[in-house]
Amino acid sequence: MKKELPKNWANVPYKTWKYEKQTEMKHKVFGYYLPLWLSILGRYHKNLNFVDGFGGIGSYHTDEDEKSGKCLSRNFGSPIISLLEIFKLESLKKISKANILIIEKEKENVANLKIIVDFLKIKITGVIDYREGNFDSEINKFLDTIDASDSKLAPTFFLIDPFGIAEIKMATIKRIMSKKNTEILLNFMYNCLQRWVAHPDEKINKIYDEYFGSDIWRNCKGKKLYEKEAELVKIFRDNCKNFCKFVYPFRLRFPHKDQTYYYLFHLSQHYKGCSLMKDSFAKFNDGKSEYRGENYKSSLFESMEAKEKKEEFVKKICIFYSGKKIKWVDILNNFIDETDLLESEIKKLLKPLEKDKRITVQAGDGRMRRGGFIESDYINFVKQS
Ligand SMILES: C[S@@+](CC[C@H](N)C(=O)[O-])C[C@H]1O[C@@H](n2cnc3c(N)ncnc32)[C@H](O)[C@@H]1O
């Protein structure tokens, strides 16, 4: 992603960057998921945090704005989206308090964010902490303070949304995820990252080692484009899986070419987080957990392929659990980040197995079952011959 030139306007006091379609999609999904996360965690915790690791400029303009010469659209960046959502949830009494920490390297962007917050008159109960600096050092300072004070970190959602890969270290991601109730949405800048994979410069290679958390990625140096993409995503995911239970890479293509722009990696220690993030993607992407660009049209071949994939999935589950009794929630724990199927789709696929006598279901909470599965239900899989 290239660095944007900020645009000035006469009708608003802040600057903007040009809005790209995949950025709009990122904001839609993030803006839908964050309030879900905040309200769920807000039921059990008085204090919550949101950390925006790469704050950006805070606002975007469209082609229409450019044509009219006025910034009339209200397309805000992640720090402002989150502040507006926090403000809304506080007013609705869905959360008590959420603090926000915004890290941004460029002084002008920090200043612009403050101007937007003042302009929109955003007031939240918690602290808005702006830090002009580098993500990795600021985050580690933040975590050092928590560790030194012996206090527990309140549930914290981290958005890590850089232009490239520098300054992101797997060790820091691991440190964040070692805290209770943390989640990360991380932009794995594939289009930028793949360009330098074959570079011989050891300095660059070392940056990649820190990013991936190992040097296995170096095996991809000679690989073909398609193979390379799948491998690099797998290596990054596998390394995250060493310390995080649920890791799902959401692919975002370029709006107008059939090529990956980036992946948003979602890291959560709870299956529900993964499931809800998939739902959030699906909500804006025709039921799919990826952004396929603006002109994408699904073909008949694709729907046949999807049907086959679903049948394969059912077969795999029946073999995996053959002759076993397992809680419904554990099926989700095992499979939610291993498939692109949504939780509702998995449910829909397994339901007919009961009628076909390939499974029997016992209510785990002593209730009278009326069909469907809930977390505590036990599923008995008939032994496969
Ligand atoms: C992709 S933009 C963030 C966009 C923002 N999340 C949004 O939704 O509008 C990346 C931002 O990170 C800033 N940046 C670059 N390197 C940084 C670093 N090491 N630490 C913190 N911020 C950095 C850039 O100045 C830029 O504003």
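Refer to the structure above for everything that follows.
The following paragraphs examine the structure supplied in this document. None of these values were measured; they are calculated from a predicted model. (Residues numbered from 1 in each chain as written. Predicted model: local features only at pLDDT ≥ 70, side-chain atom pairs only at ≥ 80, totals over all residues.)

1. Here's the deal with the pairing of strand β14 (residues 378–381)
Inference 1: Residues Ile379 and Phe381 point to one face of β14 and are all buried, whereas Tyr378 and Asn380, pointing to the other face, are not buried.
Inference 2: Across 3 bridges, the pairing between strand β12 (residues 325–327) and β14 is antiparallel. Within the sheet, the bridge partner assigned to Lys327 lies in β14 and is Tyr378.
Inference 3: Across 4 bridges, the pairing between strand β13 (residues 359–362) and β14 is antiparallel. Each bridged residue has a counterpart across the sheet, and for Thr360 the counterpart in β14 is Asn380. (Buried ≥ 20, exposed ≤ 12 C-beta atoms within 10 Å, placed from the backbone. Helix = DSSP H or I, 4+ residues; strand = E, 2+ residues; numbered from the N terminus. Pairing = 2+ DSSP bridges.)

2. Looking at the site of the ligand
Inference 1: Taken together, the neighbourhood of the ligand is formed by 15 residues, with Phe54, Gly56, Gly77, Ser78 and Lys105 sitting nearest.
Inference 2: Looking at the shell around the ligand residue by residue, the classes come out as 5 nonpolar, 5 polar and 5 charged. (Near = placed C-beta within 6 Å. Nonpolar A, V, L, I, M, F, W, Y, C, P; charged D, E, K, R; others polar.)

3. Notes on the sheet that holds strand β3 (residues 59–61)
Inference 1: An order of β1-β3-β4 is seen for the 3 strands of this open sheet, with the pairing classed as mixed. At either end of the open sheet lies a strand with only one pairing partner, and these are β1 (17–18) and β4 (75–76).
Inference 2: As defined by bridge partners, β1 adjoins β3 across 2 bridges and the pair is classed as parallel. Residue pairing for β3: Lys18 is matched across the bridge by His61.

4. Here's the deal with the packing of helix α1 (residues 21–42) against helix α10 (residues 271–284)
Inference 1: The interhelical angle for the contact between α1 and α10, taken along N-to-C directions, is 140°, at an axis separation of 9 Å. The orientation of α1 relative to α10 falls into the category oblique. Of the two possible hands of crossing, α1 and α10 adopt the one that is right-handed. Taking contact as the criterion, the partners of Met25, Lys28, Val29, Tyr32, Tyr33 and Leu36 in α1 are, on α10, Leu276, Met277, Ser280, Phe281, Lys283 and Phe284.
Inference 2: Split by residue class, the contact of α1 with α10 holds 9 nonpolar, 1 polar and 2 charged. (Axes fitted to C-alpha atoms, helices over the stretch in contact; angles between N-to-C directions. Parallel < 35°, antiparallel > 145°, perpendicular 65-115°, else oblique. Left-handed = near helix turned anticlockwise from the far one by under 90°. Contact = placed C-beta atoms within 7 Å.)

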